[in-house]
Amino acid sequence: EKAETILRRMETMYAKGNSFVKPNVFSYSSVINAYSRKGQAKMAEKILRQMQSSYQAGDFDLKPNVITYNAVIKAWSQCRNDPNAAHRAELYLRSMQRMYKEGNLDVKPDLFSFNAVLNAWAKSLKWEAVTRAGKILRYMEVQSENGGLDFAPNTVSYTAVIDAWAKSGCKNSGEVAEQLLIRMQEKFDRGEPTKPNLLTMNTVIDAHAKSSEKGKARNAQSVLRRIEAKYKEGDEQMLPNAFTYTTVLNACAFTFEKSDQEEAFQVAQSTYQEVIKSASIRPTHLTYGTYIKAINTLLPRDDDRRYPLIESAFTQCCKDGQLARFVLQCLQDALPTQSYLKLLRGNRKGVVSVNAEDLPSEWRRNVKEKALYFNQIREKKKVMKKRYRKR
């Protein structure tokens, strides 16, 4: 909005005769880009339509170009509140292709154009996302091979399609992700820009975790082992992070096939111990909560290992200052009410409540949650106190 305010001010000054501040395509594209970073796609579209109208009216300084259209596509790829966002992003890509074929060389789609649409489909959670993303990727492969495109799909392209499969809920998403990973590696070995990176590998683990395939915890850990091996071989960009290990734990936490659960439990134990003992990785609240969730899923209620393992994880979580609301929810799901109360009260003297906002602040000192849950509760309390005093 600030960027648009400046643009409107420039328009006003130009209309009053100041020719030095005449907005150009860069000015308008900058405003579109500002809206795209916030995912405000409809506002980005509004600015584009204004540019198009001005250009058609004879202001040739405002001819939209590939940067302009890419910013609008990016806006739709970042948009989370419109169910048709991915369709809109692809529509703009098709429009760019049509205009380019008609002779408008300024809007020739580039690699960013295609990758932004792939990301839009990956984030859409639509049932047709894997089909649409797969077709676009295949089009890029074929056209780059026969000269129709002067660029080939890269690491970002393939990772986006893998992400679409990870988010698809398809039973075989892990298997398809592995096939795409193999394609990436084969192309990279032939000299193409498709080297799998840590994000790619993490996304493959996520695809296994969200699949319904047998042995998915083992498969997820297998990808982790490949990441670790690449790092030991000297690829410093392949240093696994907390998300890597947490995603393996998530595969364990969502293993519901009884015949797989003992194996998944062993995977969860070894993965958790690795991340806790690591000198280079700091577990997050998601790590602790997901591990507790895995214990809850994989061990029967009467298993003597349940409470000691959960208690140990809770103690370590508090020590690390990672007691977020997600961890508390996982604890509540995993323990009977009395055991839950006992755990909270026994870990620190003076704890008489299970309300998240009343727990010691040092237990959550390192939590980084987007929602800033505890601060919100604190602010709500202040507001309620002010209202009470006014009464």
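Above this text you will find the structure in question.
Residues numbered from 1 in each chain as written. Predicted model: local features only at pLDDT ≥ 70, side-chain atom pairs only at ≥ 80, totals over all residues. Heavy atoms only, no water.

Draft legend 1. Expanded view of the overall build of the protein chain. Helix and strand content of the protein chain: 18 helices and zero strands. Taking all 391 residues of the protein chain together, 47% fall into the buried category. Long-range pairs, those at least 24 residues apart, make up 65% of the contacts in the protein chain between residues at least 6 apart in sequence. In the protein chain, which carries 64 positive and 43 negative side-chain charges, the distance between the mean positions of the two groups comes to 9 Å. (Helix = DSSP H or I, 4+ residues; strand = E, 2+ residues; numbered from the N terminus. Buried < 20%, exposed > 50% of the residue type's maximum accessible area, 1.4 Å probe, protein only. Contact = heavy atoms within 4.5 Å. Lys, Arg positive; Asp, Glu negative; His and termini not counted. Charge placed at Lys NZ, Arg CZ, Asp CG, Glu CD.)

Draft legend 2. Broad picture of the packing of helix 1 (residues 2-15) against helix 2 (residues 25-37). Remark: helix 1 packs on helix 2, axes separated minimally by 9 Å, with the N-to-C direction vectors making an angle of 160 degrees. With respect to each other, helix 1 and helix 2 are oriented roughly antiparallel. Handedness of the helix 1/helix 2 crossing: left-handed. Every residue of helix 2 that contacts helix 1 at Ala-3, Glu-4, Leu-7, Met-10 and Glu-11 is listed here: Ser-27, Tyr-28, Val-31, Ala-34 and Tyr-35. The residue inventory of the contact of helix 1 with helix 2, partitioned by class, reads seven nonpolar, one polar and two charged. (Axes fitted to C-alpha atoms, helices over the stretch in contact; angles between N-to-C directions. Parallel < 35°, antiparallel > 145°, perpendicular 65-115°, else oblique. Left-handed = near helix turned anticlockwise from the far one by under 90°. Nonpolar A, V, L, I, M, F, W, Y, C, P; charged D, E, K, R; others polar.)

Draft legend 3. Geometry of the nonpolar core. Ranked by internal contacts, the top residues of the largest apolar core, which has 106 residues, are Leu-323 and Leu-331. Residue contacts for Leu-331: discarding those within four places in its chain leaves Ile-292, Ile-310, Phe-314, Tyr-340 and Leu-343. (Core = buried A, V, L, I, M, F, W, Y, C linked by side-chain atoms within 4.5 Å.)

Draft legend 4. The pattern of salt bridges, seen in detail. Enumeration over the complete set of coordinates arrives at 25 salt bridges. A salt bridge links Lys-46 to Glu-4; its shortest N-O distance comes to 3.0 Å. Here Lys-46 is found in helix 3 (residues 41-56), whereas its partner Glu-4 is found in helix 1, with 42 residues between them in sequence. Between Asp-59 and Lys-22 there is a salt bridge, with the nearest N and O atoms lying 3.0 Å from each other. Note that Asp-59 is positioned in the loop between helix 3 and helix 4 (66-78) and Lys-22 in the loop between helix 1 and helix 2, a separation of 37 residues in sequence. Judged by its relative accessible area of 24%, Asp-59 falls in the partly exposed class. What emerges from the salt-bridge pattern is a single network uniting Glu-145, Lys-187, Arg-190 and Glu-192. (Salt bridge = Lys/Arg side-chain N within 4 Å of Asp/Glu carboxyl O.)

Draft legend 5. The arrangement of helix 6 (residues 111-124) in detail. Spanning 14 residues, helix 6 covers 20 Å between terminal C-alpha atoms, matching the ideal 20 Å at 1.5 Å per step. Residues of helix 6 that are buried make contact with helix 4, helix 5 (85-101), helix 7 (129-146) and helix 8 (155-166). The backbone nitrogen of Phe-112 lies 3.2 Å from a side-chain oxygen of the residue at the head of helix 6, namely Asp-110. Just past helix 6, the residue Leu-125 takes up positive phi, approximately 60 degrees. (Expected span 1.5 Å × (residues − 1). Polar contact = N/O pair within 3.5 Å; in protein donor to acceptor, adjacent residues only side chain to side chain.)

Draft legend 6. Inspection of unusual backbone geometry at higher detail. Positive phi, normally seen in glycine, also occurs at Leu-125, with a value near 60 degrees. Note that Leu-125 resides in the loop between helix 6 and helix 7. A relative accessible area of 62% places Leu-125 in the exposed class.

Draft legend 7. Broad picture of the packing of aromatic side chains. Tallying each qualifying case throughout the model produces eight aromatic pairs. Where Tyr-55 meets Phe-60, the ring centres are 5.6 Å apart and the plane angle is 80 degrees; that geometry is what we call edge-to-face. With relative accessibility at 27%, the residue Tyr-55 sits in the partly exposed group. The class for Phe-60 is exposed, based on a relative accessible area of 61%. Here a set of aromatic residues connected by ring pairs shows up, and it is made of Phe-114, Tyr-139 and Phe-151. (Phe/Tyr/Trp six-rings, centres within 6.5 Å; stacked < 30°, edge-to-face > 60°.)

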